[in-house]
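Listed below, chain by chain, are the residues.
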Amino acid sequence: MNRTAEVNRTTKETDIQMKLSLDGTGASSIDTGIGFFDHMLEGFSKHGFFDLDVKVKGDLQVDGHHTVEDVGIVLGQAIAKAVGEKKGIRRYGFFILPMDDALALCAVDLCGRPYLNFDCTFPVERVGELETELVREFFYAVSYSAGMNLHIKMMDGINAHHMIEAMFKAFGKALDAAVDYDERITDVLSTKGSLG
């Protein structure tokens with residue numbers, strides 16, 4: 001099975017084209033105009049085994065906010081579209097990922113209800129061309145447009161580069177676990193009989 005989605009979104013602030021495969025190999029082609037953000041999305045793709053193509057034209061002359069937030073919106077929409085009716089998937093996924101000084105926890109529930117719990121304070125305002133306050137904005141946008149509970153907690157960390165990279169990779173690993181199939185689940189994993 002190859003669960004894929006293609007989402008295009010154009011506003012006065014951004015023009016985004018995205019292709020996502022949940023059953024990929026971790027191949028990616030990313031161009032958001034923000035180098036460090038590209039690197040983070042590549043890490044998410046590689047460690048989640050998702051194939052991800054992203055092309056963005058954003059109003060970076062203003063700042064990076066619209067680009068980062070809108071990519072989060074589109075990624076969330078692509079996840080929701082690719083996962084479909086959620087029959088047979090594990091629904092929940094979690095991972096604790098170390099990266100040098102950083103230790104990030106990520107837990108996902110593909111329940112259809114959006115919620116973000118983001119617990120991290122960064123030691124600097126910027127890593128490369130990415131403002132660190134935009135990391136929360138990205139994950140907020142993903143959680144709400146995908147309809148997922150998303151909990152991210154930085155358990156330890158000194159270097160902001162390592163902290164952010166640990167988050168993106170942990171998110172990839174947790175999401176990979178959540179969309180994985182379990183042969184024991186014949187419908188959706190819910191006592192209500194639906195996820196949405």
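Use the structure listed above.
All figures in this text were calculated on a predicted structure; none of them were measured in a lab. (Residues numbered from 1 in each chain as written. Predicted model: local features only at pLDDT ≥ 70, side-chain atom pairs only at ≥ 80, totals over all residues. Heavy atoms only, no water.)

S.K.: Account for the nonpolar core, with residues named and values stated.
M.R.: Core analysis: the largest hydrophobic core is formed by 61 residues, its most contacted members being Phe139 and Phe171. Not counting chain neighbours up to four residues away, the residues in contact with phenylalanine 139 comprise Leu116, Phe118, Leu150, Ile152, Met167, Phe168 and Phe171. (Core = buried A, V, L, I, M, F, W, Y, C linked by side-chain atoms within 4.5 Å. Buried < 20%, exposed > 50% of the residue type's maximum accessible area, 1.4 Å probe, protein only. Contact = heavy atoms within 4.5 Å.)

S.K.: Which residues make up the packing of helix α1 (residues 35-48) against helix α4 (residues 160-178), and what values go with them?
M.R.: Running from N to C, α1 and α4 cross one another at 35 degrees; their axes reach a closest spacing of 7 Å. Two packed elements cross with a definite hand, and for α1 against α4 that hand is right-handed. Residue-level inspection shows Phe36, Phe37, His39, Met40, Leu41, Gly43, Phe44, His47 and Gly48 of α1 in contact with α4, the latter providing His161, Ile164, Glu165, Phe168, Lys169, Phe171, Gly172, Lys173, Leu175 and Asp176. Across the contact of α1 with α4, the residue classes break down as nine nonpolar, six polar and four charged. (Axes fitted to C-alpha atoms, helices over the stretch in contact; angles between N-to-C directions. Helix = DSSP H or I, 4+ residues; strand = E, 2+ residues; numbered from the N terminus. Left-handed = near helix turned anticlockwise from the far one by under 90°. Nonpolar A, V, L, I, M, F, W, Y, C, P; charged D, E, K, R; others polar.)

S.K.: Break down α4 for me, citing the residues and quoting the values.
M.R.: Taking 1.5 Å of rise per residue, 19 residues should cover 27 Å, and α4 covers 27 Å from first to last C-alpha, within 8% of that figure. For α4, a buried count of 15 out of 19 residues is recorded, marking the element as mostly surrounded by other parts of the structure. Between the side-chain oxygen at the start of α4 and the backbone nitrogen of histidine 161 there is a gap of 2.9 Å, and the oxygen is on asparagine 159. (Expected span 1.5 Å × (residues − 1). Polar contact = N/O pair within 3.5 Å; in protein donor to acceptor, adjacent residues only side chain to side chain.)

S.K.: Would you mind going over the sheet that holds strand β1 (residues 4-10) in detail, with residue names and values included?
M.R.: In spatial order, the strands read β1-β2-β4-β3; together these four strands make up an open sheet with mixed pairing. Looking at strand neighbours, the two that pair on one side only are β1 and β3 (28-31), the edges of this open sheet. Strand-to-strand twist across the sheet, computed as the mean angle between neighbouring axes with direction ignored, equals 5 degrees. Pairing analysis gives eight bridges linking strand β2 (residues 14-21) to strand β4 (residues 51-58), with the strands arranged antiparallel. Bridging from a neighbouring strand, threonine 14 pairs with glycine 58 of β4. (Pairing = 2+ DSSP bridges.)

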